[in-house]
Amino acid sequence: MMAVFHRSDAEPGAPIRLEGVCPVEDAETLASLILENPNTPVDWTSCTRMHTAVYQVLLRLQPTVLGPCGDPFVDAWLIPLGRR
Amino acid sequence: MNELLEQFLIETRELVQSATEDLLALEAAPGDAEAVNRVFRAFHTLKGSVGLFDYPSWFALLHAAEDGLSAARAGTLSVDANLIDVSLETLDATARWAEAIETTKRLPDATAAEANALAARYRSLLTSGPKAQLANVAALPGWAANLIDASAECGGMALTAVRYRPREDCFFAGDDPLGLVRKVPGLLAVFVIPAAPWPPGAEFDAYACNLDITLLTGAPREEVEAVFRLVGDQVTAVEVPRDRPTASARAAVTPSLDAVVAAILAEQVGVLAAAGGSDADAGRLEACARAAANALLSAGHDGDAESCKRALEHGSDALREAIESILFGGPTKPSLPEAGEPPVPSEPFGADVTRTLRVDATRVDALLALAGELVVARNALGHLATRAEAGESAATLARAIRDADANLGRLSATLHRNVVSLRLTRLSKVFRRFVRPVREAARTLGKDVVLDFDGEDTEADRSIVENLFEPLLHVVRNALDHGLEDEETRRQCGKPQAGHIRIEAGQDGDSIVVTVSDDGRGIDPAFIRRRAVERGLRSTEAAAAMDDDAVTDLIFAPGFSTAEAVGALSGRGVGMDAVRAAAERLGGRVSVESRIGLGTVVRLNLPRTVSLIRVMVVGAGGESYGVAMDAIVEVVRKPRTSIHAVVGGNAAVLRRRTVPVVRLADLLGHGDSFTAAQDALLLIVQAAGETVALEVDRFEERIDAVVRPPSGLVGFMPGVAGTTPLGDGRVLLVLDPATMLASAPTVDEQPGEGR
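Anyway, here's the lowdown on the structure attached to this text. (Residues numbered from 1 in each chain as written. Chains lettered and ligands numbered in written order. Predicted model: local features only at pLDDT ≥ 70, side-chain atom pairs only at ≥ 80, totals over all residues. Heavy atoms only, no water.)

1. Focus on the nonpolar core
Here is step 1 of the chain: If you look at the biggest cluster of nonpolar residues, it comprises 49 residues, and the most contacted ones within it are Leu-18, Leu-30 and Met-50 of chain A together with Val-181, Val-192 and Phe-228 of chain B.
Here is step 2 of the chain: Sort the elements by how many residues they give to this core and helix α2 (residues 52–61) of chain A lands first, with 6 residues.
Here is step 3 of the chain: Among the nonpolar cores identified, the runner-up in size contains 47 residues, and Val-430, Ala-460, Val-476 and Val-592 of chain B belong to it. (Core = buried A, V, L, I, M, F, W, Y, C linked by side-chain atoms within 4.5 Å. Buried < 20%, exposed > 50% of the residue type's maximum accessible area, 1.4 Å probe, protein only. Helix = DSSP H or I, 4+ residues; strand = E, 2+ residues; numbered from the N terminus.)

Listed below in structure tokens is the structure:
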């Protein structure tokens, strides 16, 4: 189950979307999408639960994140670092 | 024995060994946090493996030990002699129980009682009163202090601080570290930072976890630990005491003061406040000032320490103000977790536990290649048989057969050498076992000893390595007990207070050399001479005639013990002769070199492998015996007329020296099997420093043989070096002429060299 979306026909600058439960496998997909185009923002408002590995990718690559995180745990405890 | 249990026993031994080493290292350097970690992990793993079986009391003990070490790791329990002692005893017990299970399949009856007693000692360490509580405050690790500082609003509550450093490969194990954090009750703060600087972009590995998670919760420690129980080895939980310095106070602490100094200062403020400002208790006042000043001095704040001492003269309130101003005086700087400890590279998990690596793969490859060649060589024999059937001449066939034999011989010798190399074991295995007994012996004797090793990588056959420990331990104990002087004497001699014992190994051709050297008093030849005469080992004249080296060598003589008093350690009636016997049993020899006042070196030369040896087969009476070619200096055929009867036996002149001639048949008790052959066949051998001619009845053949060490009934026969099977199925006794001559009563009466 992959929950990282980025439409290939999307306009430049269209955000990468994290949706629903983002399992460990999403970490690699997310990382390569961000590395391909480092300026692409990440929209995490619809993510309901994020695996540590996915969070680690965001922590490391520091993309621009859009909106409050849909995962209440991340939103409550980890936002300050995620948005830094 | 089932495989799981077998693996468990192997692993247990390794863990006990490595944890013992780490504990001893800790004893020498109590501040080594990494060593505490390793010990904790070893106990954690031990507990886990014991838990796989049904040994409840053992499991409970390891659990208690783990609790104790966990507290030590968190800094709430000091790593002192008590903790190290009880941990070493626990490891001892663990090793014993593992052994009992291996041999008897069950734990000894007294296990439960012993386990309970040890577990109780761990518990009492953990609950040792208010003093430990005070230490808690001062010893709060830096990361926990930072965590508290960063979460200002929770002052006054009892908290638990947790640091969780997931293993790098934890994602592959199915862990979701933040998933666990989600389950922590009463969460107050969470910080996630990279555990180590991120590797450069090109090496991006999304599945390598590199996180350092710290969190603070209002839940009690046990509840928090329950959440992390499956990753206990990666988690440190600390209780934050209720009466800790308030968050605001801490946040204002001069940044250059470290957390421990700050905690000590805060403690003094607390004590002074409790005293209510009265100057009545001058002792307490002075103690506070001294504690604060010492803490500041230790951190290099000499000026501040000075002002504390000055303030003491102005009474309690002045002192309190002075300390407070130092505590909160500097420029404030909120400390966030990332400003805390420098990131430590994630620990190399698993790297310190040596899994049993049996055989080097390249050695197996070499064997495979040899086996292939052997098949080819065997095909040549089939070809030869065809040629024989075709009626080829015996002469050419014989030559071809010899060639094939030589080829097979070469291959089988190489194959043997390679197989032998599979059994090579490092000496480090033996060396590491010395640390513990030496420590204990040094303690018993009240001596200070530095033990070091060199050449642990030297390899030798397993049977050699496994049998090396006992004799070597004896030598080391002798060095400790008799070699090293007591501290007072050493000081007078201008030597360092701690004695030095060094165990060294190295390869020397086909043998290994293991030396034990000490920097003690050395062996006094005059003393040995006197003692040898007293013990009746040598006559006064004989002793006087011997040179110093030969005299020193007498320490290996049976019945010689140099201890004036029976020492606690080595003077148990077993002298160095046991060492010589053991070395010879292993096919080696032992020698000693000593200089008075400077020290002693005992050197063991041992074979590296159990190798193929050339054996000469000789006849004595109606029997055949083997003698190792190494033991034969030369083989001589002499006319019987040149052998003369002298007092007590026969002698012959050989290269202008007179040598005693002993008939092998007589030595072996074949009695009067007199041969009337014209020529006498003599094997010239060295025995106890003398050249002796051993007369045999026949020379039969020379063979390559794997000589098996004597065992069973043959093992008790003096002079038998081993046995080897012959091509025709008989078993050949291989003799060791030197020990045979030494133990033969008649030889002493034989005329000696030059007489």
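Once the structure has been displayed, the description carries forward.
2. Quick word on the interface of chain B and chain A
Here is step 1 of the chain: On the chain A side, the residues contacting the 29 residues of chain B number 24 residues.
Here is step 2 of the chain: In total, chain B and chain A occlude about 2,200 Å² of area from one another, counting both sides; carbon and sulfur atoms represent 64% of this.
Here is step 3 of the chain: When residues of chain B are sorted by the area they lose upon contact with chain A, Arg-182, Phe-204 and Tyr-207 of chain B head the list and together hold 33% of the total.
Here is step 4 of the chain: For the pair chain B and chain A, the number of links is 2 salt bridges.
Here is step 5 of the chain: Across the salt bridge formed by Asp-71 of chain A and Arg-182 of chain B, the nearest N and O atoms sit 2.7 Å from each other.
Here is step 6 of the chain: Of all the secondary structure elements, the ones that give two or more residues to the side of chain B that touches chain A are α8 (177–182) and β2 (187–194) of chain B.
Here is step 7 of the chain: A per-class count over the side of chain B that touches chain A returns 21 nonpolar, 3 polar and 5 charged. (Contact = heavy atoms within 4.5 Å. Buried area = accessible area lost by both parts, 1.4 Å probe. Salt bridge = Lys/Arg side-chain N within 4 Å of Asp/Glu carboxyl O. Nonpolar A, V, L, I, M, F, W, Y, C, P; charged D, E, K, R; others polar.)

3. Points about the packing of aromatic side chains
All names here are of chain B.
Here is step 1 of the chain: Scanning the model with the defined rule gives 9 aromatic pairs over all chains in all.
Here is step 2 of the chain: With 5.5 Å between their ring centres and 20° between their planes, Phe-431 and Phe-453 make a pair best called stacked. With Phe-431 in helix α17 (residues 428–431) and Phe-453 in strand β6 (residues 449–454), this pair connects stretches of sequence that are 22 residues apart.
Here is step 3 of the chain: Ring pairing ties together the aromatic residues Phe-8, Phe-53, Tyr-55, Trp-58 and Trp-97, which thus form one cluster.
Here is step 4 of the chain: The ring of Phe-40 has Arg-73 lying over it, and the distance from NZ or CZ to the ring centre is 4.1 Å. (Phe/Tyr/Trp six-rings, centres within 6.5 Å; stacked < 30°, edge-to-face > 60°. Lys NZ or Arg CZ within 6 Å of the ring centre and 35° of its normal.)

4. Section: the sheet that holds strand β8 (residues 499–508) of chain B
Residue and element names in this part refer to chain B.
Here is step 1 of the chain: Spatial strand order, β6-β8-β9-β11-β10: 5 strands in an open sheet with mixed pairing. Both edges of this open sheet fall to β6 and β10 (589–595), since each of them pairs with a single strand only. Across the sheet, the mean angle from the axis of one strand to that of its neighbour is 15°, orientation sign disregarded.
Here is step 2 of the chain: Of the pairings in the sheet, the one linking β6 to β8 comprises 6 bridges and is parallel in character. Looking at the pairing, Asp-452 lines up with Arg-502 of β8.
Here is step 3 of the chain: Helix α24 (residues 577–585) contacts β10 and β11 (599–607) of the sheet and is inclined by roughly 140° relative to β10. (Pairing = 2+ DSSP bridges. Axes fitted to C-alpha atoms, helices over the stretch in contact; angles between N-to-C directions.)

5. Side note on helix α18 (residues 435–445) of chain B
Residue and element names in this part refer to chain B.
Here is step 1 of the chain: Taken together, the buried positions of α18 are occupied by Arg-436, Val-438, Arg-439, Ala-441 and Ala-442.
Here is step 2 of the chain: The elements touched by buried residues of α18 are α1 (3–28), α4 (81–104), β6 and α19 (462–483).
Here is step 3 of the chain: Once α18 ends, the next one or two residues include Gly-446, with phi positive near 70°.

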